[in-house]
Amino acid sequence: MDGADRQLVLDVLHDSRYAEFAAAEIRIAIDADPRVAHRLSMWARRLVGEALSQASRVAAADRGALTTLIAQGEWADVETLFRQLTAAHTERMTAAGLNN
């Protein structure tokens, strides 16, 4: 990507600076219609499941690249990385007022 689109993606990915804004908006939507919480919770579970599934496919396809990534991070192995990803997802869902 070039230009404004690239910058937007980089801004959104930067250190979760939009996380509280998104969580607040989700809480407002839940307050307005509590049924939204169930639908968003289901969608969030599906999204994180798909992310972990794709990460597993990458791990299986290119174990060397994944080993390099793990070695650069604070993870001992793939399972630890996935547990950390899942725990971070749970924290985000709790902050947004969603069931996980």
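In what follows, the structure referred to is the one given above.
Since the structure is predicted, the reported quantities are computational estimates derived from the model, not experimental observations. (Residues numbered from 1 in each chain as written. Predicted model: local features only at pLDDT ≥ 70, side-chain atom pairs only at ≥ 80, totals over all residues. Heavy atoms only, no water.)

A. Inspection of the overall build of the protein chain at higher detail. Scanning the protein chain from terminus to terminus reveals 5 helices and 0 strands. From first element to last, N terminus to C terminus, the protein chain shows the α and β order α-α-α-α-α. Burial status across the protein chain gives 18% buried among its 100 residues. Sequence-distant contacts in the protein chain: of pairs separated by 6 or more residues, those separated by 24 or more amount to 51%. As presented, the protein chain carries roughly 7500 Å² of accessible surface, and 59% of it is formed by carbon and sulfur atoms. (Helix = DSSP H or I, 4+ residues; strand = E, 2+ residues; numbered from the N terminus. Buried < 20%, exposed > 50% of the residue type's maximum accessible area, 1.4 Å probe, protein only. Contact = heavy atoms within 4.5 Å. Areas by Shrake-Rupley, 256 points an atom, 1.4 Å probe, with all protein chains shown as cover.)

B. The pattern of salt bridges, seen in detail. Under the counting rule described, the total for this entry stands at 2 salt bridges. A salt bridge links E20 to R27, with the nearest nitrogen and oxygen atoms 2.7 Å apart. The exposure class assigned to R27 is partly exposed, which follows from its relative accessible area of 29%. Among the salt bridges present, the one from D33 reaches R35, with a minimum N-O distance of 3.1 Å. (Salt bridge = Lys/Arg side-chain N within 4 Å of Asp/Glu carboxyl O.)

C. Just the packing of helix α3 (residues 35–61) against helix α5 (residues 78–95), in detail. Remark: α3 packs on α5, axes separated minimally by 11 Å, with the N-to-C direction vectors making an angle of 165°. The angle between the axes of α3 and α5 places the two elements in the roughly antiparallel class. Between α3 and α5 lies a crossing of right-handed hand. On α5, the residues touching A44, R45, V48, L52, A55 and S56 of α3 are F82, L85, T86, H89 and M93. (Axes fitted to C-alpha atoms, helices over the stretch in contact; angles between N-to-C directions. Parallel < 35°, antiparallel > 145°, perpendicular 65-115°, else oblique. Left-handed = near helix turned anticlockwise from the far one by under 90°.)

D. Molecular detail of the nonpolar core. A23, I30, A37, A44, M93, A96 and L98 form the largest nonpolar core, which has 7 residues in total. Elements that contribute at least two residues to this core include exactly α2 (19–32) and α3. For L98, the residues in contact, after removing those within four places along its chain, are I26, I30, A37, L40, S41 and M93. (Core = buried A, V, L, I, M, F, W, Y, C linked by side-chain atoms within 4.5 Å.)

E. Representation of the side chain of S41 in the model. Along the chain, S41 falls in helix α3. Look past the residues within four positions of S41 in its chain and what remains in contact with it is L98 and N99.

F. How the structure looks around α3. The terminal C-alpha atoms of α3, which comprises 27 residues, lie 40 Å apart, in line with the 39 Å expected from a rise of 1.5 Å per residue. V36, A37, S41, A44, V48, L52 and A59 are the residues of α3 that are buried. (Expected span 1.5 Å × (residues − 1).)

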